[in-house]
Amino acid sequence: MATKIDKEACREAYNLVRDDGTDVNWVTFKYDGPTIVPGHSGVDYEEFTRQCTDDIRLFGFVRFTTGDAMSKRVKFALITWIGESVSGLQRAKTGTDKTLVKEVVQNFAKEFVISDHKELDEDYIKGELKKAGGANYDAQAE
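Summarised in this report is the structure supplied together with it. Counting from 1, residues in each chain are numbered in the order their sequence is written. Confidence filtering applies because this is a predicted model: local features only for residues at pLDDT of at least 70, side-chain atom pairs given and counted only at 80 or more, and all residues used for totals across whole chains, interfaces and linings. Each side-chain value is derived from all of the structure's non-hydrogen atoms; neither hydrogens nor water enter the calculation.

**Thoughts on the overall build of the protein chain**
A tally of helices and strands in the protein chain yields 4 helices and 6 strands. In terms of overall size, the protein chain behaves like a compact globule, its C-alpha atoms giving a radius of gyration of 16 Å where 142 residues would be expected to give roughly 14 Å. In terms of principal-axis extent, the alpha carbons of the protein chain reach across some 55 × 30 × 25 Å. In this scheme, a residue with accessible area under 20% of its type's maximum is buried, one over 50% is exposed, and one in between is partly exposed, where area comes from a 1.4 Å probe on protein chains only. Residues classed as buried in the protein chain amount to 38% of the 142 residues present. As displayed, the protein chain offers around 7,900 Å² of accessible surface, 47% of which is attributable to carbon and sulfur atoms. Charge assignment in this entry is limited to Lys and Arg as positive and Asp and Glu as negative, and neither His nor the chain termini are counted. Positions of charges follow a simple convention, taking NZ of Lys, CZ of Arg, CG of Asp or CD of Glu. On the protein chain, the mean spot of the 20 positive side-chain charges and the mean spot of the 25 negative ones are 5 Å from each other. The numbering of helices and of strands both runs from the N terminus, where a helix is a DSSP run of H or I of at least 4 residues and a strand a run of E of at least 2. Radius of gyration: C-alpha atoms only; globule rule: 2.2 Å multiplied by the number of residues to the exponent 0.38. The protein chains shown are the only cover counted for residues, whose accessible areas, like all others here, come from Shrake-Rupley with a 1.4 Å probe.

Here it is, written out as structure tokens:
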């Protein structure tokens, strides 16, 4: 059966993360049968990483504050999590299903496809976002 997405519900969750007036820093989009729907959301990145278990696949939209001594800015990451125990067919479908998620999640600095918990490390993700962000005025401090 072809995968669908609940666009309205997912867009609402996506906008909560993008809204500076909320405390929501991340949201997951999960599978409910053949439909991608909003999953959990929260404030702490560690809470997000706990959603990424070995037996599931999900998409995460996460807000990070990055920058240097001269400026702080908000960057967003789209994280595709594919657990180690996910079957080969489901792994393959995740790539095509991601196009549905990208119809809703359109603004992000960097995209990650992760299946190893070590790669979910917050410092690693922030470092990659910083590299994608361009100029590093913090180099004077090094």
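**Remarks on the pattern of salt bridges**
The rule for a salt bridge is simple: a side-chain nitrogen of Lys or Arg has to be within 4 Å of a carboxyl oxygen of Asp or Glu. Under the criterion given, the structure shown has 10 salt bridges. For Glu 46, the salt bridge identified is with Arg 50, shortest N-O distance 3.0 Å. Note that Glu 46 and Arg 50 are positioned in helix α2 (residues 45–51) at a spacing of 4 residues, about one turn of the helix. For the salt bridge of Arg 57 with Asp 97, the shortest nitrogen-to-oxygen distance reads 3.6 Å.

Read these as geometric descriptors, not functional statements.
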